[in-house]
Amino acid sequence: MDAFRDSILQRGPIESFALKTVQDFIQPQRQTKLAQDENQMLENMLRTLLQQLVASAAQSGEQIMQYGQLIDDDDDNNVHGHGQIPHLLDVVLYLCEKEHVEGGMIFQLLEDLTEMSTMKNCKDVFGYIESKQDILGKQELFARGKLVMLRTCNQLLRRLSKANDVVFCGRILMFLAHFFPLSERSAVNIKGVFNTSNETKYEKDPPKGRISVDFNFYKTFWSLQEYFCNPASLTTASTKWQKFSSSLAVVLNTFDAQPLSEEEGEANSLEEEAATFNIKYLTSSKLMGLELKDSSFRRHILLQCLILFDYLRAPGKNDKDLPSETMKEELKSCEDRVKKLLEITPPKGKEFLRAVEHILEREKNWVWWKRDGCQPFEKQPIENKSPNAGHKRRRQRWRLGNKELSQLWRWAEQNPNAEKDSQRVKTPDIADYWKPLAEDMDPSAGIEDAYHHKNNRVYCWKGLRFAARQDLEGFSRFTDLGIEGVVPVELLPPEVRSKYQARPNEKAKRAKKDETKGGSLEEETKAVSAEGALVGGSTSEAEGEVGRGESEAMESDAIADTPTPEEQQRLGGSDTDNGQEAGQIEDTETEEGGLMDTDLNHPPMPIS
Amino acid sequence: MYGDATNWNEDEYRESILKEREIQTRTVFRTAWAPNPNPDAFVVASSDGTLAFHSMSSLVSQSAAFGYSKGEDFMVAAPEGVVRAHEGPAYDVKFYGEDEDALLLSCGDDGRVRGWKWRDFADSTENLVKPLLELTNPQHKGPWGALSPMPEINAISVDPQSASVYTAAGDSCAYCWDMESGKIKMTFKGHSDYLHCLVSRSSASQILTGSEDGTARIWDCKTGKCIKVIGSQEKKSRFRISSIALDESESWLACGQGKNIAVWNLPASECVSTISSPAHVQDVMFDEKQILSVGAEPLLRRFDLNGALLSQIHCAPSSAFSVSLHPAGVIAVGGYGGLVDVISQFGSHLCTFRSSLL
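Just so you know, these numbers come straight off a predicted model, no measurement behind them.

Another point: the nonpolar core. Counting 102 residues, the largest nonpolar core has B:Val43, B:Leu51, B:Ala174 and B:Cys255 as the members making the most contacts within it. Each residue touching B:Ala174, except ones within four places of it in the same chain, is listed here: B:Tyr166, B:Thr167, B:Ala168, B:Ala169, B:Phe188, B:Leu195, B:Leu198, B:Ile207 and B:Thr209. Counting 38 residues, the second-largest nonpolar core is a separate cluster that includes A:Ala57, A:Ile85, A:Ile106 and A:Leu113.

Dropping the structure here:
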């Protein structure tokens, strides 16, 4: 035995000696894999050894996981820098992992170890288990040892105090949660049975001698716990629900009436709470006043309400258990009130509520999962039958045809500050804009056609849009004179200027001719058409589109130096009409202008 | 019984209807907690001139339903003791002294202040306890010996240290009475309309009065001179000062005027904040550094000194005229309908009741 002990606890890389030691001592029939009785023998030897080690550790008064630790082991790389027992466990774990020995052996040893250790040492042992979680959780080991592990953990939980060892309990639960697959049913309360024995006791009779201030309220308040403890009772009898909701209303009214201030919320900060953690609140009537001022107490109660409401609405019960319509409405209003109260309960009420809502939402998913019979979460890969269908569904529809256009459209709303940007590109002044073209038009400059601005289509198009907005007169010349006509005359070099100035008069003459042609039309219409022609450069207005003609006349009004007497008369005659029309025009123009403005707010706006 | 009219007594029925009406149309003008570390006994002064004394423990045991909800029929509670103190409404009731020997003082529309020994008052069940003290407001003499009508007394305030009782009277004067002799020590003249409320600031030997003329005044008790006028007299449209309250340290003043409460710091003599509420303020009160106020709405509001609304509690009277606080934190709100709503320190309704008639 001592030889085995020395051999198995020798220092050095485990791989080098572990298997060899087993082979030496067991002399198995097969070299690398032990038969059943050989396994049993090895297990017995190991358990005996472990027992010895623990016994001697206990005698020496050392912590068992540190027992036999070498003081001079200061080499960080040395994996054996810990005590003998962890070393032994490491060796066994290695053997199990390589399937030289039966996989359950390590679990058996761990169970032994926890049973032999004091609670304090168990913490270290459990730390070891946690550190080896990855290896222990491997499929082949897990399958052999999951029941032993569950038993070990449950035993530990049973030994621990629920009130004093909350952290350790939590560690164990966390470990179990990680160790077992998510869909493991063994810990699920399939039937949804409530722990009705968790009864909250409170004083039923007012204390004698002292004038109990609000005993009715006290009783009402704590009586709620009966319902929280057994929510199922609420759905069966409507009278109970009535009683519950009226009691709850009283409590919520009281909470409402005494909102906690920020300071009161700060007073019991979370750190303090962690230090004085209690499983249950005390129910003495003397504490009522203090408890009502405690924001975390209030939160507990309100959270209980939310959990209860969620339960009542949860599916999966028989139809007759589902809440009635009126009850549903009451539930909704109660829930809203509770949420509002949670929100105003400091500290960080809003954040708390959000977190709670999130958790309850997740909880709902679990409820569904349980209702559907605890399906495993591993999903079979879905056969890709119709890749097109899936693809189609995913493609988003763009409001304006494609992504770029939609983005462009929304650009203004997304960049509200662009308007204030000092560097933003504004609609250029028409005079500035046309300068390059005007310079090119100077024959003395001798610009080649290829570089002439008039042949730059983008430039011209932009210029026309600006002209349409800023300089209608110039814009109107486009029909007759082409792009060069639009350039304001002042910009042109003097020699070219005459060429573009003379034309309009000619144009007017031509319009006059048109007028005489359509002599059968009424005078007014004729005048109108003349104006229309002058402005729009189109003679088709002669068809009698009075409204349009008028509107254009209005515009031309400002342009024409000397309006004809007819014109004046006409203008005077239909003043109101004009006003209306003008108004309309202005409207449309400003609308357009608005659009343009928003479009042009942004420097990178590509017009082309 | 149903349909049996043999013993029908029409007079009795008529009387019962009238009595019920009378109960429902009464107004509680003031409630006062008896000097006792436990919030047990309190006195209710109502518009029928009675002082009724109720005990909390019996009220709570009587009230079957906890809390209160709208439209509910309120409990009619028989008082432990009741006395017809005044002809016409009783407007204010105060305790003079802290211990068992305290005097219960009340004033009313008949221009009298009456005082009872509290122990006698509480112990006797019959309503014929003789008042120990009776002070009658002076009537103003006119030409040919004509006497003015008796001015009513709207508020009393006590200062046991100097053995004085102050009254706010309807002749726009405040009076200081000597409790030993029962004589007027000082008259405070200056308001241009009748007084609504009055509070004594014994630490500075001052009194503060609020009047219908829209001003509150601070008076020096030694000289009887007005030291300071809060609010301007010129504007006729100003609302009356309906209520006035000092805090424990007597350095903060809350002054209810119209729909506003002005909070003054007296040492600095400056208005710190103005709280406005949707309804007319009818009574204010300090609870440490918080202000309780009631008004022409069924709500008890609680503000901090900066005017931030801390909480509002629904209470039974549709218009509340009085709020009084017991040091243990229990609040009694009295108002229209003869209703008194007692609210615990947690903000829950301890009991809501109408006290029955004499």
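All names here are of chain B. Confidence in the prediction of chain B, expressed as mean pLDDT, is 86, and 93% of residues score 70 or more. Confidence scores differ between elements of chain B, with helix H2 (residues 56–62) showing the lowest mean pLDDT of 79 and strand E26 (residues 320–325) the highest of 94. Counted against residues more than four places away or in other chains, residues 66–71, with its pLDDT under 50, gives eleven contacts. Across the whole predicted complex the pTM is 0.58, and at the interface the ipTM reaches 0.71.

Okay, the pairing of strand E17 (residues 226–230) of chain B next. Residues and elements named next belong to chain B. Of the pairings in the sheet, the one linking strand E16 (residues 216–220) to E17 comprises four bridges and is antiparallel in character. In the strand pairing of E17, Ala216 is matched with Ile230. The antiparallel hairpin formed by E16 and E17 contains five residues in its connecting segment, where Gly224 sits at a positive phi of about 75 degrees.

Here we take up helix H22 (residues 457–470) of chain A. All names here are of chain A. Relative to the 20 Å expected for 14 residues at 1.5 Å per residue, H22 spans 20 Å between its end C-alpha atoms, a close match to the ideal helical length. Within H22, burial applies to Gly463, Phe466 and Ala467. Seen along its axis, H22 keeps its buried residues to an arc of 100 degrees; they face one direction. Among the exposed residues of H22, those pointing more than 90 degrees away from its buried face are Arg457 and Val458. Looking at the buried positions of H22, the neighbouring elements they touch are helix H21 (430–441), helix H23 (472–476) and helix H25 (483–486).

Each partner contributes to the interface: chain B provides 19 residues, whereas chain A provides 15 residues. Among the elements of the structure, H2 and strand E25 (309–314) of chain B are those that each provide at least two residues to the side of chain B that touches chain A. Here the side of chain B that touches chain A is composed, by residue class, of ten nonpolar, eight polar and one charged.

All right, on to the sheet that holds strand E11 (residues 164–169) of chain B then. All names here are of chain B. Judged by pairing direction, the sheet is antiparallel, and its four strands sit side by side in the order E10-E11-E12-E13 without closing on themselves. Strands at the two margins of the open sheet, each flanked by one partner only, are strand E10 (153–159) and strand E13 (184–189). Taken over all neighbouring pairs, the strand axes of this sheet differ in orientation by 20 degrees on average, direction set aside. As paired strands, E11 and strand E12 (residues 173–178) are joined by five bridges and run antiparallel to one another.

Before going further, it helps to spend a moment on the packing of helix H4 (residues 84–97) of chain A against helix H5 (residues 105–116) of chain A. Two quantities define a packed helix pair, namely the angle between the helix axes and the distance between the axes. Residue and element names in this part refer to chain A. Remark: H4 packs on H5, axes separated minimally by 8 Å, with the N-to-C direction vectors making an angle of 155 degrees. As judged from the angle between their axes, H4 and H5 are roughly antiparallel. Facing Leu89, Val92, Leu93 and Cys96 of H4, the residues of H5 in contact are Met105, Ile106 and Leu109. Residues belonging to the contact of H4 with H5 are distributed by class as follows: seven nonpolar, no polar and no charged.

Conventions adopted
- Residues numbered from 1 in each chain as written.
- Chains lettered and ligands numbered in written order.
- Predicted model: local features only at pLDDT ≥ 70, side-chain atom pairs only at ≥ 80, totals over all residues.
- Core = buried A, V, L, I, M, F, W, Y, C linked by C-beta atoms within 7 Å.
- Buried ≥ 20, exposed ≤ 12 C-beta atoms within 10 Å, placed from the backbone.
- Contact = placed C-beta atoms within 7 Å.
- pLDDT = per-residue confidence, 0-100.
- Helix = DSSP H or I, 4+ residues; strand = E, 2+ residues; numbered from the N terminus.
- Pairing = 2+ DSSP bridges.
- Expected span 1.5 Å × (residues − 1).
- Arc of directions from axis to C-beta.
- Nonpolar A, V, L, I, M, F, W, Y, C, P; charged D, E, K, R; others polar.
- Axes fitted to C-alpha atoms, helices over the stretch in contact; angles between N-to-C directions.
- Parallel < 35°, antiparallel > 145°, perpendicular 65-115°, else oblique.

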